[in-house]
Amino acid sequence: MTSPSRPGQSSVISGDGGQPAPKIEFPTDYSLKIVGDSDEGFCDDMLDIVERFDPTLDRGRASHQDSRNGRFRSLRVTITATGQEQLSALFSALKASGRVHMVI
């Protein structure tokens, strides 16, 4: 179920159990954790993609961590989200890279 949105606010979409999804007011800081296979170029490639959607991205604040067995790498980054369309396009671009296992 969708309720009408006001300028500067997103629509409310009911989740499971009839509970409304949290409202996000844009622009806002939005944290992402991007998980893929561990290799040297993963972080730079993902940051290049993210930067296309947020040119103000501060690469110096990004951090990464390898999994216990070293097979996966997670990249944490915070962007300035300007709207749901930007976020959807970013998620699609990350998925289209073929290197991302999940985005949280």
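Coordinates for the structure precede this section.
Here goes a summary of the coordinates provided. (Residues numbered from 1 in each chain as written. Predicted model: local features only at pLDDT ≥ 70, side-chain atom pairs only at ≥ 80, totals over all residues. Heavy atoms only, no water.)

### Quick notes on the overall build of the chain
When helices and strands are tallied, the chain shows 2 helices and 4 strands. Ordered by position from the N terminus, the helices and strands of the chain form the series β-α-β-β-α-β. The buried share among the 104 residues of the chain stands at 26%. On the chain, roughly 6,900 Å² of surface is accessible, and the fraction owed to carbon and sulfur atoms is 49%. (Helix = DSSP H or I, 4+ residues; strand = E, 2+ residues; numbered from the N terminus. Buried < 20%, exposed > 50% of the residue type's maximum accessible area, 1.4 Å probe, protein only. Areas by Shrake-Rupley, 256 points an atom, 1.4 Å probe, with all protein chains shown as cover.)

### What about the nonpolar core?
Of all hydrophobic cores here, the largest spans 19 residues; its most connected members are Ile-34, Met-46, Val-50, Leu-75, Leu-90 and Leu-94. Going through the elements one at a time, strand 1 (28-37), helix 1 (42-53), strand 3 (72-81) and helix 2 (84-96) are the ones with two or more residues in this core. For this core, the element with the most residues is helix 1, which contributes 6 residues. Residue contacts for Met-46: discarding those within four places in its chain leaves Ile-34, Leu-75, Leu-94, Ser-97, Arg-99 and Val-100. (Core = buried A, V, L, I, M, F, W, Y, C linked by side-chain atoms within 4.5 Å. Contact = heavy atoms within 4.5 Å.)

### A look at the environment of Asp-39
By the secondary structure assignment, Asp-39 is in the loop between strand 1 and helix 1. Taking the relative accessible area as the measure of exposure, Asp-39 reaches 31% and is therefore partly exposed. Remark: the alpha-carbon pair of Asp-39 and Gly-70, spanning 31 residues in sequence, is separated by 9.4 Å. Beyond its immediate chain neighbours, meaning those up to four positions away, Asp-39 contacts Arg-73 and Arg-99. Of note is the side chain of Asp-39, whose polar atom sits 3.0 Å from the backbone nitrogen of Gly-41. (Polar contact = N/O pair within 3.5 Å; in protein donor to acceptor, adjacent residues only side chain to side chain.)

### Focus: helix 1
The end-to-end C-alpha distance of helix 1 is 18 Å, a good match for the 16 Å that 12 residues give at a rise of 1.5 Å each. Within helix 1, the full set of buried residues consists of Phe-42, Cys-43, Met-46, Leu-47, Ile-49 and Val-50. The buried residues of helix 1 all sit within an arc of 160 degrees when viewed along its axis, so they share a single face. Contacts from the buried residues of helix 1 go to strand 1, strand 2 (63-66), strand 3, helix 2 and strand 4 (100-103). (Expected span 1.5 Å × (residues − 1). Arc of directions from axis to C-beta.)

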